[in-house]
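Overview (structure and organization)
Here is how the chains run, residue by residue.
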Protein chains: 2
Amino acid sequence: MAQFTQSEKDVFRTAPFFKGVPADVVFRLFDIGDAVHFPKNTHVSAIGDTVDPVFFVMSGLLRISACSESGRRITFLLVKRGEPYNLLGPYLDCGRFLEAEAARPTRCLRIQGNQFMTFVTDHPVIVPNILRWIGIGLDSANSRILDLMEKKVENRVMRVLSTLYEKFGTPLLFTSQEISEIAGTTPESTLRTMGQLRDMGIITTQRGQIRIHDPAALKNIEFGSLKI
Amino acid sequence: MAQFTQSEKDVFRTAPFFKGVPADVVFRLFDIGDAVHFPKNTHVSAIGDTVDPVFFVMSGLLRISACSESGRRITFLLVKRGEPYNLLGPYLDCGRFLEAEAARPTRCLRIQGNQFMTFVTDHPVIVPNILRWIGIGLDSANSRILDLMEKKVENRVMRVLSTLYEKFGTPLLFTSQEISEIAGTTPESTLRTMGQLRDMGIITTQRGQIRIHDPAALKNIEFGSLKI
DNA sequence: CCGTCAACATGACGGCCGTCATGGATGTGG
DNA sequence: CCACATCCATGACGGCCGTCATGTTGACGG
């Protein structure tokens, strides 16, 4: 089937996740999966769903988030082009508490859970990649826990901006609401911090976008970067 | 070599982590690893170490923690008998920021990283178990992030007590210091919360141990309304 | 039996930040 | 071009909890 163009397939060839995996093995994924499109702000999966399929983002952006019973929402992960989502889903029978939605119009390669597990057992060469990816995610989650202990909202916002800069470059197309949901705070506090950063000439802001002029200044604090 | 008694080996046979793995595969681990003992409060690994070997706890308890530069320490994980630690270490080349120490006198099975990776490729039947275990850990980390958003220290302490009760039963042999490092707060706040729980007859406390009389009450989230 | 230390317990204070409120700026659709 | 929604921006207030301080209790060794 001609669901995927060659340039789309090349996205996977060069994706960090697939590093070291032979190209023919990678391309096998296109045979066992199909393409799905999600318009902006639509749900890929809702809370409590037992998310079975594995997704690979071909273009766009997925936001993985959860919300507590008090209504506060936090974003755990932003999945961009070439990255996988729900790698572990097929192996966990329990329903997760996460929800996934398209932060922008997003095109994905979707692979059913049992097909993915078959793929893994047939091509064990990919196992180290999976473990490596999950390991990075686990370290990142632990970093964020440490972050939240520190309780300094300013530091959290700065680290979020720094991390997003490393992942997406500049300008960052996010609202203060989105930033605050990643940093684990409120839009007001985020705006206050960004106001200070603006006064220092480190960033400039417009509606829905943030230009970072001095990335080094954002890293001035603390160790370790989170993988968002 | 007769490093391990039969009863020790049986610990693994019945361990949840190894569920579904044939016994002869499990026992192969004893051939490629060796026994190590850690006295109480000694370090298994320090911060920044590239922890290569995988550990399985045979008796005792490992505490996996990290501390921020402000000196605050947080405990991520308590590894008890039959549970693995550092499953992903062999696959990650970077140094981690965690440190592991023996919370009690602890005896472990230690397997060098490359030997463990060889074992995994030779016995792929264990891969789903690894992924499942890591997946649970990842969900748990995300839950804690959500918890920290909630910001109510009382709820965090109660949830910690509830979780520890499910894992270790009663009485819990932990000090307020240890509880606070798991809950992400201070010993004082922990003691204050436990004081209220004591007044309600939910727990009783002695030096270094906590008896839980009403586990269900700890799961009650509407603590704030009860307090008034 | 006593000295010492670690842990328990509790009170007081202050700062951070979440909440609410208000107003202005910007983009969008009819 | 205007109405409206959304986002940005900033001020004021109040509560939670981290910090410090003080005293008590229990454990352990000689």
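Residues numbered from 1 in each chain as written. Chains lettered and ligands numbered in written order. Predicted model: local features only at pLDDT ≥ 70, side-chain atom pairs only at ≥ 80, totals over all residues. Heavy atoms only, no water.

**Thoughts on the interface of chain B and chain A**
In this complex, chain B contributes 37 residues to the contact, which on the side of chain A involves 38 residues. Both sides together, the interface formed by chain B and chain A hides about 3,700 Å², and carbon and sulfur atoms give 74% of it. Here chain B is connected to chain A by 0 salt bridges. If you look at where chain B meets chain A, you find 0 residue pairs in polar contact (both at pLDDT 80 or more). For the side of chain B that touches chain A, the secondary structure elements donating two or more residues are strand E5 (73-79) and helix H4 (127-150) of chain B. Top element by residues in the side of chain B that touches chain A is H4(B). It accounts for 20 residues. (Contact = heavy atoms within 4.5 Å. Buried area = accessible area lost by both parts, 1.4 Å probe. Salt bridge = Lys/Arg side-chain N within 4 Å of Asp/Glu carboxyl O. Polar contact = N/O pair within 3.5 Å; in protein donor to acceptor, adjacent residues only side chain to side chain. Helix = DSSP H or I, 4+ residues; strand = E, 2+ residues; numbered from the N terminus.)

**Here we look at the domain arrangement of chain A**
One frequent convention defines the size of an interface as the accessible area lost when the parts assemble. Residues and elements named next belong to chain A. For chain A, the domain assignment lists domain 1 (6-143) and domain 2 (151-219). Computed over C-alpha atoms only, the centres of domain 1 and domain 2 are separated by 26 Å. Listed by partner, the interface residues are 11 residues for domain 1 and 12 residues for domain 2. Both faces combined, the contact of domain 1 with domain 2 buries some 960 Å², and carbon together with sulfur accounts for 46% of it. Scanning the region where domain 1 abuts domain 2 turns up 3 salt bridges. Notably, a salt bridge pairs Glu 181 with Arg 73, separated by 3.3 Å at the nearest N-O pair. Here domain 1 is connected to domain 2 by 7 residue pairs in polar contact (both at pLDDT 80 or more). (Domains from an automatic or database assignment.)

**Things to note about the confidence of the model for chain A**
Across chain A, the average pLDDT comes to 88, with 94% of residues at 70 or higher. Low pLDDT, under 50, characterises residues 222-228 of chain A; the predicted model gives this stretch 29 contacts beyond four residues in sequence or across chains. (pLDDT = per-residue confidence, 0-100.)

**Some details on the protein's contact with DNA strand D**
Contacts to DNA strand D come from 19 residues, most closely from Ser176(A), Arg207(A), Lys151(B), Val153(B) and Thr185(B). Of all atoms in DNA strand D that approach within 4 Å of the protein, 60% are sugar or phosphate atoms. Between DNA strand D and Ser176(A) there is a distance of 2.5 Å, counted from a phosphate oxygen to a side-chain nitrogen or oxygen. Thr186(B) is positioned with one of its side-chain polar atoms (N or O) 3.4 Å from a phosphate oxygen of DNA strand D. Those elements that place two or more of their residues in the surface near DNA strand D are helix H7 (187-199) of chain A together with helix H7 (187-199) of chain B. Per element, the largest residue contribution to the surface near DNA strand D is 4 residues, and it comes from H7(A). (Near = heavy atom within 4 Å.)

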